[in-house]
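Okay, here's what each chain looks like letter by letter:
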Amino acid sequence: MVNCRKILELHFEGISQRTISSSTGHSRNTVSDVVQRAKKLGVESLNDTMTNPWLEAFLFPEKQAMEKGYFPVDWEKVHKELQKKNVTLTLLHHEYATEARDGGKIPYAYRTFCENYGKYAKKYKLTMPIRRKPGEVMEVDWAGSTLQMIDRSTGEMIPAYVFIATLPYSQFSYVEAFLDMKSANWLTAHIHALEYFGGVPETLVPDNLKTGVTKAHREEPILNEAYREFADYYHTIIVPSRIRSPKDKASVEGTVGYISRQIIAPLRNYQCFHIGDLNQQIFERLEEINTVDFQKRPGSRKKVFEEEERSYLQPLPQTRYKLAEWKTAKVQLNYHNQVERMYYSVPYDYVRENVDVRLTTDLIEVYFKEVRIASHKRLKDEIGQFSTNIDHMPDNHRLYLEHNPDNNRKWAETIGPSMTKFVSYILEVNVEKKALNILSVLRNLSTKHTKTDMEKAVETLLEISSNPTVSVLKSVLERNKKRKQKQNTVISNTSDDYGFVRGAKYFGRDNK
């Protein structure tokens, strides 16, 4: 039996392998093999639990299998393969068992295979890599600590909040400071992070912040509508971490502490007046963090990301996502809803209903039960402005709004030239409000007569009166109506066909 503990004790004391070989009685090849395997597996010191049998089983697991008659497993290969996308322990055990049987060896059962891998991963002090596959997850959070800026006008200190995004597989990170933690900056931070990484992961894991999660149900959290829309645009999935479960996003939690030590602490006394200046300092330190070599694994965050993870990210959309914010509002009795002290109309059928409002830089969209019912150009500058679509108004409101001089002139043109002349006369000799009242009576009168009768009556009115009025027009219409009725009566009396009377033809008088 190889005395692995003694070999490693002497090696850690700085004794040469030649001397260790003489002292333990093992060949130099055996000593070199033990030292190299310990170095490869990250054993840098010994403790009381690392007995000689433990070390031999850990450093040479294949010997244990061969002694028991089983086909040995290359656990390091299993560990690396398991990190690849869509690879599971079930698949790896199937491949292992097939290889064993082809070689005439006995394979481990699936349960034993999984148990032995668990022991291997535990000895490595590693998290099971199923949750850390390349390109699978991006964990995001706000750092607990803040930085400071100086207000030029008042000299007051303004807090700057630090956003952190991390890809757990490579630990490649993105950091940026913002003046608040509202929804717009939350989404902007995500967009900048995805563009920095040059791709989109399958899943986003945020904390249960109000900017991202409306209700943090354990089974199915309800996402903020703007955050959900963002995820749909980038074809990714949002899976909020469980409440009080930092291990759900352990990578970013660890990165927050590391960023706080490496970036926030050094910049705590940095004086600046602009957020761009502060972020420039952050980006310089972030580049150092991402390019410095790991202490316990080969390469750096950036190198691992470039070589192993970037290709697994989904491509970015061709155009950047347009920031949108969602609010809820209640439609008022004047069929308008108030958004940021501006008023936008919706169809009057939705009065007193609660609606969802989507706000972009230039547009306001109103939704009722996920159906868009109105859209308006976003109002800016002076507060209290109204944006009203005439089609949203009730008929009586629309008629009142359309009752103006121009529309009345257009209506008169549809009747005839005499009516056009009469309407123009009314508008000229009366103040606008009185003229509109007179025209309202005139238009109401037109609903009881045909256009031809109205035009003929107005023509007569203009001929007989130098000061034509609607009341005189009524008299003319009434006189024309009676004259027409009288003419119809005369025509009916001269007719030979009396309707219900049989007439002479029936009795055969004309046949005599």
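Residues numbered from 1 in each chain as written. Predicted model: local features only at pLDDT ≥ 70, side-chain atom pairs only at ≥ 80, totals over all residues. Heavy atoms only, no water.

## Details of the overall build of the protein chain
Applied cut-off: A run of DSSP states H or I qualifies as a helix once it reaches four residues; a run of E qualifies as a strand once it reaches two. Both are numbered from the N-terminal end. The buried label goes to any residue with under 20% of its type's maximum accessible area, the exposed label to any with over 50%, and the partly exposed label to all in between, with areas taken from a 1.4 Å probe on protein chains only. Whether two residues touch is decided by their heavy atoms; if any such pair falls within 4.5 Å, the residues are in contact. Every accessible area reported is derived by Shrake-Rupley at a probe size of 1.4 Å, with residue values counting cover from the shown protein chains alone.
Helix and strand counts for the protein chain come out as 20 helices and 14 strands. A total of 512 residues make up the protein chain; the buried ones form 39% of that total. Long-range pairs, those at least 24 residues apart, make up 59% of the contacts in the protein chain between residues at least 6 apart in sequence. Here the protein chain has roughly 31,100 Å² of accessible surface; of this, 49% comes from carbon and sulfur atoms.

## Some points on the sheet that holds strand S12 (residues 363–368)
Rules: At least two DSSP bridges between two strands are needed for those strands to be called paired. For helices, the fitted line uses only the C-alpha atoms of the stretch in contact; every axis is such a line through C-alpha atoms, and the angle between N-to-C directions lies from 0 to 180 degrees.
The 4 strands lie next to each other as S8-S11-S12-S13, forming an open sheet whose pairing is antiparallel. Looking at strand neighbours, the two that pair on one side only are strand S8 (325–330) and strand S13 (371–377), the edges of this open sheet. Between one strand axis and the next, the sheet turns through 25° on average, direction left out of account.

## Some thoughts on helix H6 (residues 75–82)
The condition that has to hold: Our arc is simply the arc of the directions from the helix axis toward the C-beta atoms.
Listing the buried residues of H6 in full gives Trp75, Val78, His79 and Leu82. Seen end-on, H6 carries its buried residues on one side only, within an arc spanning 100°.

## Description of the pairing of strand S9 (residues 336–339)
As judged from the 4 bridges shared by S9 and strand S10 (residues 342–345), these two strands associate in the antiparallel manner. Counted as the bridge partner of valine 339 is methionine 342 from S10. Linking S9 back to S10 in an antiparallel pair, the connection comprises 2 residues, with glutamate 340 at a positive phi of about 50°.

## Concerning the pairing of strand S11 (residues 354–359)
Sheet analysis places S8 next to S11, joined by 6 bridges and oriented antiparallel. Residue pairing in the sheet places tryptophan 326 in a bridge with arginine 358 of S11. Of the pairings in the sheet, the one linking S11 to S12 comprises 4 bridges and is antiparallel in character. When the sheet's bridge partners are listed, valine 357 is paired in S12 with valine 366. Connecting S11 to the antiparallel partner S12 that follows it, the hairpin turn spans 3 residues.

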